[in-house]
Amino acid sequence: MPETKGATKEQIEERVIEALVEFGEERDGLKGSSKFADLDVDSLDLVELAQIIEDEYGIEVQDTDLDKIETIDDVTALVSQRLA
Amino acid sequence: MATEVEEAVREGGTEEAGARSRVGCALVTGASRGIGAAIAAELAAAGWPVAVNYRADREGAEGIVAGLESEGARALAIQADVSEAETAERLLGTAEDELGPVMVLVNNAGVTADGLSMRLRDEDWDRVLETNLSAAFRLTRRALRPMMKARFGRVINVSSVVGLRANAGQANYAAAKAGLIAFTRTVAVEVARRGVTVNAVAPGFIETELTAGIEGPIVEAIPARRPGTPREVAACVGFLASDAASYVTGTTLTVDGGMTA
């Protein structure tokens, strides 16, 4: 159930980082401007990240959204924009 | 030294002798009879609560469930026609609500509509592809989500030797079953990193209602000189679903008495 209507950007960013750590990233050094291309994040990770976002924030993420995402900040911006 | 029971409890509790109780459940499509019913029994014996899907044979499915329950297993019959696009959500959703997340999906439901290619009607082609191949895709897609989250999952597709070698009169069935093998391989590599395995079994000539009345020369052509039994197929599915098969993914296990050897 989406219970995060009023999630702050910081909370969203923290959730994204947490997910990336679950996928096997090192937490140290992960920040908003981190680029997925520089991390070990591949298409499966992005799909799973999209599913986590959909499940937890109750928004829909399209494939075209994923195509535009390059950094953690991009994800945070997408989620806050959809929640607004 | 910990006793066997203590070890079983540590692994998540124990119910019947040796049966490890599981988090989540197994879903077997087309499980009211034949190979599907045997697979349901095999997975129940391995400790899985089992959702027994059926399309039309309610009595058969309820009989299977009653049999599993009498042996101490949790089981539930769920009616659904897998060839319908909305079925995946409803079927998996019902199984999840009643038995917990589906951690083992066995795509077993299948139909045939035989005829030489020149005479196959569009509807014969479509119906066989829809039930035997597209349904497996839709159910797998829906099932992978909770499996990925759990970092565990088993998808087992019941293909056929007909997907590996020719059988005149079954172009539609062969295309669907071969498609299932290619689908299995591809999905397996997509999700392997998440502890989810995707495999297929390819039964040969198995004694079921689907093959009733076919005998004689066909049996002579099997190196084992006999048809297989649903239990022999189910045992292979049981292995692929087990922890012992954790490093087996993307493969097709033929169960055919040597037919394709």
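Residues numbered from 1 in each chain as written. Chains lettered and ligands numbered in written order. Predicted model: local features only at pLDDT ≥ 70, side-chain atom pairs only at ≥ 80, totals over all residues.

A. Looking closely at the overall build of chain B. Broken down by element type, chain B carries eight helices and seven strands. Here the C-alpha radius of gyration of chain B, 18 Å, is about what a compact globule of 261 residues would show, namely 18 Å. When each of the 261 residues of chain B is scored for burial, the buried share is 45%. Considering only intrachain contacts with a sequence separation of at least 6, the fraction spanning at least 24 residues in chain B is 69%. (Helix = DSSP H or I, 4+ residues; strand = E, 2+ residues; numbered from the N terminus. Rg over C-alpha atoms; globule rule 2.2 N^0.38 Å. Buried ≥ 20, exposed ≤ 12 C-beta atoms within 10 Å, placed from the backbone. Contact = placed C-beta atoms within 7 Å.)

B. Structural view of unusual backbone geometry. Residue and element names in this part refer to chain B. In this structure, Arg151 takes a positive phi of about 55° despite not being glycine. Structurally, Arg151 is set in the loop between helix 5 (122-150) and strand 5 (153-158). The class for Arg151 is exposed, based on 11 C-beta atoms found within 10 Å. Phi at Arg225 is positive, roughly 60°, even though this residue is not glycine. In this structure, Arg225 sits in the loop between helix 7 (217-220) and helix 8 (230-241).

C. Seen up close, the pairing of strand 1 (residues 25-28) of chain B. Residue and element names in this part refer to chain B. Neither face of strand 1 is open: one carries Cys25 and Leu27, the other Ala26 and Val28, and all of them are buried. Relative to strand 4 (residues 102-107), strand 1 runs parallel, the two sharing four bridges. Directly across from Ala26, in strand 4, lies its bridge partner Val104. Two strands pair when backbone bridges link them, and strand 1 and strand 2 (residues 50-54) are joined in this way by three bridges, in the parallel orientation. Within strand 2, the residue paired with Val28 across the bridge is Val52. At this point the chain moves from strand 1, through helix 2 (residues 34-45), to the parallel strand 2, and the crossover so formed is right-handed. (Pairing = 2+ DSSP bridges. Right-handed = clockwise from strand over helix to strand, strands pointing away.)

D. Layout of the packing of helix 4 (residues 87-99) of chain B against helix 5 of chain B. Residue and element names in this part refer to chain B. Direction vectors running N to C along helix 4 and helix 5 enclose 45°, while the axes themselves pass 9 Å from each other. By the angle between their axes, helix 4 is oblique relative to helix 5. You can see that helix 4 and helix 5 cross each other, and the crossing is right-handed. Residues Ala88, Glu89 and Leu92 of helix 4 touch helix 5, and the partners they reach there are Arg138, Leu139, Arg142 and Ala143. Of the residues belonging to the contact of helix 4 with helix 5, the class tally is four nonpolar, no polar and three charged. (Axes fitted to C-alpha atoms, helices over the stretch in contact; angles between N-to-C directions. Parallel < 35°, antiparallel > 145°, perpendicular 65-115°, else oblique. Left-handed = near helix turned anticlockwise from the far one by under 90°. Nonpolar A, V, L, I, M, F, W, Y, C, P; charged D, E, K, R; others polar.)

E. Structural view of the packing of helix 5 of chain B against helix 6 (residues 171-191) of chain B. Residues and elements named next belong to chain B. In the contact formed by helix 5 and helix 6, the axes pass within 9 Å of each other and the chain directions differ by 15°. When the axes of helix 5 and helix 6 are compared, the pair comes out roughly parallel. In this structure, the crossing between helix 5 and helix 6 has a hand that is right-handed. Seen from helix 5, the contacting residues are Asp124, Trp125, Val128, Leu129, Asn132, Leu133, Ala136, Phe137, Thr140, Leu144 and Met148; seen from helix 6, they are Asn172, Tyr173, Ala175, Ala176, Lys177, Gly179, Leu180, Phe183, Val187 and Val191. In terms of residue class, the contact of helix 5 with helix 6 is built from 15 nonpolar, four polar and two charged.

F. Region of interest: the sheet that holds strand 4 of chain B. Residues and elements named next belong to chain B. Overall, parallel pairing links the seven strands, which are arranged 3-2-1-4-5-6-7 in an open sheet. The open sheet has two edge strands, strand 3 (75-79) and strand 7 (252-255), and neither has a second partner. When the angles between neighbouring strand axes are averaged without regard to direction, this sheet yields 20°. Together, strand 1, strand 2, strand 3 and strand 4 form the strand contacts of helix 4, whose direction differs from that of strand 3 by roughly 155°.

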